[in-house]
Structure formats: structure tokens, C-alpha cells
Amino acid sequence: MGRAWVRPPRVRDNILKYLLVAPAVVVVAVTAIWPLIEAARLSFTVGRLNRPGSLEQYLGWENYVWAVMEEPAFWNSVWVTAAYTFLTVALTTILALALALLLAPGGRLRSGVQTLLILPFAMSPALIGVSFRFMFNPEFGLFDAFFGALIPPLANVSWLADPILAFAVCIMADVWGWIPFLTLVLIGGLISVPRETLEAAQIDGANGWRVFRDVTLPQLAPVLAVVVILKSIFSLKTFDQIFMLTNGGPGTATQTLSHYIYFNGMKYGQIGFAASVAWLMVIPMIFLTYAYAKLVFRKDQAQ
Amino acid sequence: MAEVILRNLTKRWGDVVGVDDQSLHIRDREFLVLLGPSGCGKTTTMRMIAGLEEPTSGEVWIGDRMVNQDLPKDRDVAMVFQNYGLYPHMSIFDNIAYPLRVRHVTKDEIRPRVEDAARKVELVEFLDRRPRALSGGQRQRVALARAIVRTPKVFLMDEPLSNLDAKLRVLMRAELKHLSHELMTTTVYVTHDQVEAMTLADRVAVMKDGIIQQLGTPDDIYNDPANMFVAGFIGSPAMNLIKGSIKDGDFVTAGGRRLTPTGGKENHSVVLGVRADDIRISDPGEGRLDVTIYAFENTGDSTFLTVQWGTQRIIARGGRHLRKEQGDVVSITMDPDHLYLFDPGSGSRIRN
Ligand SMILES: Nc1ncnc2c1ncn2[C@@H]1O[C@H](COP(=O)(O)OP(=O)(O)O)[C@@H](O)[C@H]1O
Ligand SMILES: [Mg+2]
């Protein structure tokens, strides 16, 4: 035993490297790849939880055709998800960028508050959902009272009972939860913009806005792109927050695709159909992930 | 074109003093070099002129205007940064054109002016490239072109040559000198390299610890240093500084050797300054003092002899064809017309 270890493991080196990555490969295979394949298989079956044997009963593309051609609820959740993604990505990015500019070294609000900032991000989305639900409670909600005092016509509305307002509350909760993390990422990006380029622009005669537009923003673009893509991926998958805050309601006004999949799969037991919708959702994800990977893992051509 | 006046300028960060109550009058069209070791406050002084750093107290005047309250963009200065500060996402053309664009110069006018500036620094064929596709020397020239593309009141240059290799530095130094004659614009140039200062400057301000030690022409600071710091900082090799005393008009080393006549009052504690150039080397017995060679260096165009007596070592320059060995004995004689005496405590010059 001892001797075997002492001998220089020349050949074994080759095997060792595979042994070392094996656990990671196994974990990914079991938790990500196998479920994906199994879901793909299920999406072509009748797949009803209450009907024994239906998980092996193949239907071809029927689930997909049904979702796309016959289900207004599917399209509703597609639009909800699209609007939700667009609005949350735009709002978080813009607000996080504004905050980052204020908080970055040389910004106007530079102080010790950056650590506090991360707090909302440390909360689980489900907790954010619950707390926002309480804050918009018509009887004792803090935000409800606040907005009522600020904009009198809103004093007597029941936020989560109104389709548009409930959607707005979901957006608010999401934006609130994501701003801190993205702000920190953007502060990091701003720090890596060489200070000399900003000072050179000032001396060349640019005012604050033009320094930002002509020099800061173009150099921040790669980080900004990562932020937008990453946030898009997370917005597309939003589930827990919606589940706790509105549970997709009122009606289906805030039903995102993830929520729609959950409802069909778990509540109605239509696993096959849910799996087909899940696979439809994979399509935009693949594009986004590909773009993300390309940006993050690209060979550094700078310098 | 304008003069630049600093009045009692001070910059402090808490306890750290960058610039300490300095006044300086830079004349119109003058090429003034701020020279000093790293950390002495050169960059800070320049950044206060540019408006990138706010003075703790004191005034900055450009022309006949007090500019303390003016933003950098309104001061009409151009600056070449140590790391060039080029815009990495813009082509060389756009880099050079940027100061014109933000000043709303018309398109028809921008192209000829950019091409003209690029021609002056010999960059015309690179206008379509990005900064990262250029070498250090070329980037440096882009920064220069961006500064000269308009006619600012003042040029500010912060160690513009320090990132170049030695050969290129000498080349660019000559180009800068040529360009500055052509442009005749007030220039403040920061460097820690005394050769750059000597060759480029109309006047040099030697700084140490936030304080200007001496302001004068290159001749002044080389031949008539105001204190021991300037004497030791200017010149390569550095001026020899020898501790001793004055007795009967002679300089006597700490070891009791009568080294050279200096004149002057009796003084039990002085420092004698003598440049390597002002020490004559002769055969043993023929000069004032016989010494042993500690090291012999031949640079090709001249030779340097580090010589020793007792524990004292000094460096002398020999002729190009002088050949000696370590351990040889030679005799040295100092040129009495080019000796400097300093007070060892304050470092200030003792003039007879
Ligand atoms: N932003 C700053 N905060 C604190 N100290 C600084 C700052 N900038 C410069 N200093 C200090 O001021 C002194 C002068 O710096 P600087 O002007 O950059 O020197 P130089 O350009 O002559 O090398 C140094 O001791 C430096 O550490
Ligand atoms: Mg400096």
C-alpha cells in the first residue's frame, strides 16, 4: 500500500484528473441533466399523475400542439412572463446603475452603507413575497398606508385584488430584492473603469453627462450586458415570489410560466403537459445562457 | 496661452501633506518642469492646476482668472497622463477628435485638425486602430496628439515618458523638445528624471516633501544648487558629499586629511560637495591625495572610478581612454572653482 503511493504515479495522473472531476459530473448529471431528459420524455406522454401507466403512454407532439394552439392560459402566462421580465430587467438595471454611480468610489453617496445594501438580496424570494403581501395588506399594510397617503385615489384600493396593481406589486417586490446584488456587480464594473480615462474626458471638455455617455458607459457595457442577461434568466424563472405574494392571481393576472407549469403539474396532475411547457420555456433560456457564457468565458482580448 | 500662478497652494489629506504652502509663477510660453523624487507632490500640484484635485487652501490662477471654482472642462488646459488615459473603446482618430467633438467643432473642421495633429506626432497610418493595437510609444503619441489637437492655454504632462523603454524615451524626449518649440505654449511637465528636466526645461522647480527647494534654469540648478538635496538629486552620478570641517581655508575630512583648499570661515562641521567631473585623476604622488580604486567602470564614452581612502568613498570621472584595475592607486585633485559647501544640519548652502 505504502509503496504504491510512494512510486511516482505517472500513468495514474491521467486517471486521477477524471476521478477528481467525477463527483461534480455525477452531481450535475443527476440533478440537472437527468431531470431534463426525463422531463423531455414525459412531455411526449399523456402523463397524468392520477392515471397509472399514463407516464409511458406516448402522444407524440400533442402536448406541445395543445399548449400553443388551444390554451389561452398558456399564452396569458407567456405574456405575463414577457412583460414581467422586460419591466423587472429594465427597472432593476436602471435603478441599480443609478445607485452604483452614487455609491462607487468618487460617487456622491460613498459611505459605509454598501454592506447594508446586500441585505434584501440575502432574503429568500419566498420571504420577500410574504413580506410584500403583508405590506400591501389593505388593513394594516405599511406600503398600503404609505401609497394611500401619497396618492389619495389609491387610499381605498385593495392592491392585490386589482389585476394591474397586483402585477405592479410583484414587479416592485422583485426589483426591490434584486437591486442590491446588481448594484454591487455594477459598482465592481465601475471600479474597473480606469480613472485616467474619466479624468482625461473631463479635461478634454466633457461635462458630467458626456463623461458618462462617452467614456463610462461604453467601458461598462460588458458588465452591463452580463447584468441584463443574468437578470433576464432569473426573471424568466420567477416562481417563489409570485407563489407567496399573489399565487398567480387575481385570476391569472400575475401567473408566470413557472407558476403555470407548477399549477398544471402539481395541482392538476398533468405532468406530461407541464413538462412540454417547461421545455418550451427552455428555448429562450438556452439563448440567454449561451449569450451569457459567451460574454463571461470569452477569451480576454483586451490589452 | 497664458501664465499660471500658484499662490500659497496647499493640499492635505488628513495628516498626509501633498503640497505644502507653495507659490510659483509660471511665465507665458514657458516650459516649466516639476522635478523631484516619487511622492514629493508633483502630480498633486499638476492635478490642482488641472482642477482634478481641490486645493486645501491657496489659489490657482490661469491667465488673469482665478480658477479655483472652475471645473476641469472650463479651465482650457490639455493633459497627458502617465498611463496616457486613452479611450480604449474609440479609434485613434476618435480619441484625438474627442476634445474637438465635445467642444462642438464642426465635422468639416475636425478631420483636417485631427490629421494635422496626427502628422505632427507621425501617427497618420494608425488612425483607424484601437489603442490596444498600438505599442507604448505609439499610445504615448496619441495622448500627445489629443493634447495638441486644440490650442489650450496650458499643457500639463505627468511623467509622459516614464512608461517607455530607455531607448524610446530618449527619442520621444527630442520629439517633445521639438514640438514644444513649435507650439510655444505654456507647459508644466512633471518628471522624476533629472535628464528629462535638464534637457526640456526653460526653468526647473525641484521639489521635495511638498516644498519647492529651488526654482531656476537647468544651468542654475546644476551649477548653483541652493541646498544639499538639489545638489544630490541633480546630476548623474550624484554629486559627492563629504563630511568634514574647514581649517585655515582648507577642507579637512573627518579622518583628518587636508583634501582641498576651499577658503571660507573656520567651521567644525560642513559637507563638501564635488561633482565627479570636477575631480582630476593623475598618477600617484602628482595630485592632492593618493587613493585606492574601489571599483573601475567603463561606460564606453567615459570611465568612472569609485575611489577610497579610510572609510570615505567618492566617485570621479576619468577620460575615455583611462584604464585602471581595482586596487590600483591614483591621485585626485579637486577643481577649487567648482566646490560647494553645505550645512550638515539644515542642508542649506554655505556661501563665502
Ligand atoms: N488621494 C490621496 N490620498 C492620500 N494621500 C495622497 C493622495 N494622493 C497623493 N497622496 C500623497 O501625497 C503625496 C504626494 O503624492 P504625488 O503628488 O502623487 O507625488 P509625486 O507625483 O511627486 O510622486 C504622497 O505622499 C502621496 O502618498
Ligand atoms: Mg506622480
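Not measured: the values here are computed from a predicted model.

Chemist: Where do I start with the sheet that holds strand E19 (residues 329-334) of chain B in this structure?
Modeler: Through backbone hydrogen bonds, the strands of a sheet pair up, either in parallel or in antiparallel fashion. Residues and elements named next belong to chain B. With respect to topology, five strands assemble into an open sheet ordered E15-E19-E16-E17-E18, the strand pairing being antiparallel. Across the chains shown, the open sheet's two edge strands, defined by having one partner strand only, are strand E15 (279-282) and strand E18 (312-318). The sheet shows a mean angle of 45 degrees between the axes of neighbouring strands, taken without regard to direction. Relative to E19, strand E16 (residues 289-298) is paired through four bridges, and the arrangement is antiparallel. Residue Asp290 lies in a different strand from E19, and its bridge partner there is Ser331.

Chemist: Honestly, the interface of chain A and chain B in this entry has me stumped. Any pointers?
Modeler: Interface extent is often summarised as the accessible area lost during association of the parts. The partner chain B presents 18 residues to the 16 residues of chain A that form the contact. Going through the elements one at a time, helix H10 (195-204) and helix H11 (208-236) of chain A are the ones with two or more residues in the side of chain A that touches chain B. Ranked by the residues each element gives to the side of chain A that touches chain B, the list is headed by H10 of chain A, at seven residues. Residue classes in the side of chain A that touches chain B are distributed as six nonpolar, six polar and four charged.

Chemist: What exactly am I supposed to notice about the nonpolar core here?
Modeler: Side chains of a nonpolar character, in soluble globular proteins, are inclined to be buried together. Residues and elements named next belong to chain B. In terms of nonpolar packing, the biggest core is built from 100 residues, with Ile96, Ala145, Leu156 and Val188 touching the most fellow members. When residues of this core are assigned to domains, at least three map to each of domain 1 (4-233) and domain 2 (240-350). The residues touching Ile96, leaving out its near neighbours within four places in the chain, are Val114, Ala117, Ala118, Val142, Ala145, Arg146 and Val149.

Chemist: Explain the packing of helix H13 (residues 257-267) of chain A against helix H14 (residues 271-297) of chain A to me, please; I cannot follow it from the model alone.
Modeler: All names here are of chain A. Packing of H13 against H14 leaves a shortest axis separation of 8 Å and a crossing angle of 165 degrees. Put simply, H13 runs roughly antiparallel to H14. Crossing of H13 against H14: the hand is left-handed. In this structure, H13 uses Leu257, Tyr260, Ile261, Asn264 and Gly265 to contact H14, whose residues at the interface are Ile271, Phe273, Ala274, Val277, Ala278 and Met281. Grouping the amino acids of the contact of H13 with H14 by side-chain chemistry returns nine nonpolar, two polar and no charged.

Chemist: Before we go on, may I ask you to explain the sheet that holds strand E12 (residues 250-253) of chain B in this structure?
Modeler: All names here are of chain B. Taken in spatial order, the six strands make up an open sheet running E13-E12-E11-E14-E20-E21, and their pairing is antiparallel. Because the sheet does not close on itself, it has two edges, and the strands there are strand E13 (258-261) and strand E21 (349-350). Pairing of strand E11 (residues 240-247) with E12, which is carried by four bridges, proceeds in the antiparallel orientation. When the bridges of E12 are listed, Lys247 appears paired with Asp250.

Chemist: Help me out: how do you make sense of unusual backbone geometry in this one?
Modeler: Most of the time, phi is negative for any residue but glycine, and the peptide bond is trans. All names here are of chain B. For the peptide bond that leads from Ser236 to Pro237, omega is 0 degrees, which places it in the cis range. Secondary-structure assignment places Pro237 in the loop between helix H8 (228-233) and E11. With phi around 55 degrees, Asp76 is a residue other than glycine that occupies positive phi space. Mapped onto the secondary structure, Asp76 falls in the loop between strand E5 (65-66) and strand E6 (77-80). Given 20 C-beta atoms within a 10 Å radius, Asp76 is considered buried. Although it is not a glycine, His104 sits at a positive phi angle of roughly 60 degrees. With respect to the secondary-structure elements, His104 resides in the loop between helix H2 (92-102) and helix H3 (107-120). We classify His104 as exposed; it has 7 C-beta atoms within 10 Å.

Chemist: Explanation requested: the site of ligand 1 in the structure shown.
Modeler: Residues and elements named next belong to chain B. Every residue near ligand 1 is listed here: Trp13, Val16, Gly18, Gly36, Ser38, Gly39, Cys40, Gly41, Lys42, Thr43 and Thr44. Counting residues per element, the shell around ligand 1 draws most heavily on helix H1 (residues 42-50), at three residues. Looking at the shell around ligand 1 residue by residue, the class counts come to three nonpolar, seven polar and one charged.

Criteria and cut-off values
Residues numbered from 1 in each chain as written. Chains lettered and ligands numbered in written order. Predicted model: local features only at pLDDT ≥ 70, side-chain atom pairs only at ≥ 80, totals over all residues. Pairing = 2+ DSSP bridges. Helix = DSSP H or I, 4+ residues; strand = E, 2+ residues; numbered from the N terminus. Axes fitted to C-alpha atoms, helices over the stretch in contact; angles between N-to-C directions. Contact = placed C-beta atoms within 7 Å. Nonpolar A, V, L, I, M, F, W, Y, C, P; charged D, E, K, R; others polar. Core = buried A, V, L, I, M, F, W, Y, C linked by C-beta atoms within 7 Å. Buried ≥ 20, exposed ≤ 12 C-beta atoms within 10 Å, placed from the backbone. Domains from an automatic or database assignment. Parallel < 35°, antiparallel > 145°, perpendicular 65-115°, else oblique. Left-handed = near helix turned anticlockwise from the far one by under 90°. Near = placed C-beta within 6 Å.

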